[in-house]
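# Secondary and tertiary structure notes
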Amino acid sequence: IGNPWGSNMIDVEADKACKYQNVVRFEGSETDPWTIVFWNKMGPNGELTGWYGNSALKFTLEPGQTRYVAFDDDSQGAWGAAKGENLPTDKFGGYSCTWGEFDFGSTKNNGWSGWDVSAIQAQAAGQDVQGMRICTHDNQKCSSITSQAANVINAYIQALAGADGIGG
């Protein structure tokens, strides 16, 4: 989770991204700016509350823009993306948009990393599902959900909340 909380993920310049082990490249939509908010699974209070209004990193991704975020090993959390200045929230204050979930260099999983796209929170809140796609750097494996979950590939929807092993 970093010390201080949230310092385990940083926005990095394109020419520096290759110097980090765990990096995600974000590509902006063709037409609209999107707000991207990142959080740790565990909140600043040490409990499973990371997505309840906490933000370790936040930026606006402009149309066609590319940004890079680097993560420390043993970082678990997610990011959400939405049009506008803030992410939607459910009645409890939790982020209720499509999530990109991650577990980088996990100690409990022998150093392996994992990731997936999830619309569980958006669907549980009865809100719009935003499209998102996460792929390996070579596009050999992807997890994606289109707008309103019209097409779901290797990703989580509410009906699959109890499933395991989806994503990469």
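Residues numbered from 1 in each chain as written. Predicted model: local features only at pLDDT ≥ 70, side-chain atom pairs only at ≥ 80, totals over all residues. Heavy atoms only, no water.

A few words on the overall build of the chain. Each helix and strand counted, the chain has 1 helix and 11 strands in total. From first element to last, N terminus to C terminus, the chain shows the α and β order β-β-β-β-β-β-β-β-α-β-β-β. Scaling as 2.2 N^0.38, a compact globule of 168 residues should have a C-alpha radius of gyration of about 15 Å, and the chain matches this with 15 Å. For the chain, the proportion of its 168 residues judged to be buried stands at 42%. For the chain, the accessible area works out to roughly 9,200 Å², and carbon and sulfur atoms hold 47% of it. In the chain, 11 side chains carry a positive charge and 19 a negative one; their mean positions are 1 Å apart. (Helix = DSSP H or I, 4+ residues; strand = E, 2+ residues; numbered from the N terminus. Rg over C-alpha atoms; globule rule 2.2 N^0.38 Å. Buried < 20%, exposed > 50% of the residue type's maximum accessible area, 1.4 Å probe, protein only. Areas by Shrake-Rupley, 256 points an atom, 1.4 Å probe, with all protein chains shown as cover. Lys, Arg positive; Asp, Glu negative; His and termini not counted. Charge placed at Lys NZ, Arg CZ, Asp CG, Glu CD.)

With that settled, consider the pairing of strand β8 (residues 114-118). Taken across its 5 residues, β8 has 5 buried, putting it largely inside the fold. In terms of strand pairing, strand β7 (residues 99-104) meets β8 through 5 bridges, oriented antiparallel. What sits directly across from G100, in β8, is V117. (Pairing = 2+ DSSP bridges.)

What follows deals with the sheet that holds strand β4 (residues 57-61). Strand order in the open sheet formed by 5 strands is β4-β3-β6-β7-β8, with antiparallel pairing between adjacent strands. Whereas interior strands pair on both sides, the edge strands pair on one side only; in this sheet they are β4 and β8. With strand direction ignored, the average angle separating the axes of adjacent strands in the sheet is 15 degrees. Here strand β6 (residues 75-83) runs beside β7; their pairing, made up of 6 bridges, is antiparallel. From the neighbouring strand, G80 faces β7, where its bridge partner is W99. (Axes fitted to C-alpha atoms, helices over the stretch in contact; angles between N-to-C directions.)

It is worth spelling out the state of the cysteines at this point. Evaluation of the coordinates by the stated rule reveals 1 disulfide. In this model, C135 is linked to C142 through a disulfide, with the two sulfur atoms separated by 2.0 Å. Linking C135 and C142, the disulfide has an S-S dihedral of approximately 110 degrees and is accordingly described as right-handed. (Disulfide = S-S within 2.5 Å.)

On to the sheet that holds strand β11 (residues 152-153), then. Across the sheet, 3 strands lie side by side as β9-β10-β11; this open sheet has antiparallel pairing. Sheet topology places β9 (132-135) and β11 at the edges, where each strand pairs with a single neighbour. Here 2 bridges tie strand β10 (residues 142-145) to β11, and the two strands are oriented antiparallel to one another. Its bridge partner being in β11, I145 is matched across the sheet by V152.

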